[in-house]
Amino acid sequence: MIKKLRKWPRIFLAGIILLLVLVSGVIYYFYSVVSGMVVSPIAAISPLAPGVTPSVTPTPDPLQPFSVLLLGYGGPKHAGGYLTDTVIVARIDP
């Protein structure tokens, strides 16, 4: 009986050590992922990085026709009231 009682602190200590190893591994993984996402300050300062050629972005024609999707719902007074019950596609030609 006394030998069984002495075994529990060892098992508890092994569990704590295993937990610390797992937590440190997760922290290291997330740190490596986040450090790969950070933009380097040199690229942020220089407007044109080496090897990047500027290109003109075309401005869309404001008088070009476009379409709009209008969705409606019946309201909360009946079953399925928040489901879309009206679908209208409107084409606007300025």
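Structural data are supplied above this passage.
Everything numeric here is computed off the predicted structure, so don't read it as measured data.

A. Structural detail: the environment of Gln 64. Following the sequence through the fold, Gln 64 ends up in the loop between α2 (41-45) and β1 (66-73). Overall, the relative accessible area of 45% leaves Gln 64 in the partly exposed class. Through-space distance from the C-alpha of Gln 64 to that of Pro 94 is 6.9 Å; in sequence the pair is 30 residues apart.

B. Broad picture of the environment of Phe 66. Relative to the helices and strands, Phe 66 is located in strand β1. Residue Phe 66 is classed as partly exposed on the basis of its relative accessible area of 40%. Discounting chain neighbours no more than four positions away, the residues touching Phe 66 are Ala 90, Arg 91, Ile 92 and Pro 94.

C. Spotlight on a nonpolar patch on the surface. On the surface, Leu 69, Leu 71, Val 87 and Val 89 cluster together to form a nonpolar patch covering roughly 430 Å² of accessible area. Put simply, the parts of the chain that give the nonpolar patch at least two residues each are β1 and β2 (84-92). Relative to the helices and strands, Leu 69 resides in strand β1. The class of Leu 69 is exposed, set by a relative accessible area of 52%.

Cut-offs applied
Residues numbered from 1 in each chain as written. Predicted model: local features only at pLDDT ≥ 70, side-chain atom pairs only at ≥ 80, totals over all residues. Heavy atoms only, no water. Helix = DSSP H or I, 4+ residues; strand = E, 2+ residues; numbered from the N terminus. Buried < 20%, exposed > 50% of the residue type's maximum accessible area, 1.4 Å probe, protein only. Contact = heavy atoms within 4.5 Å. Patch = residues over 30% accessible without salt bridge, like charges linked within 9 Å, V, L, I, M, F, W, Y side chains within 5 Å. Areas by Shrake-Rupley, 256 points an atom, 1.4 Å probe, with all protein chains shown as cover. Salt bridge = Lys/Arg side-chain N within 4 Å of Asp/Glu carboxyl O.

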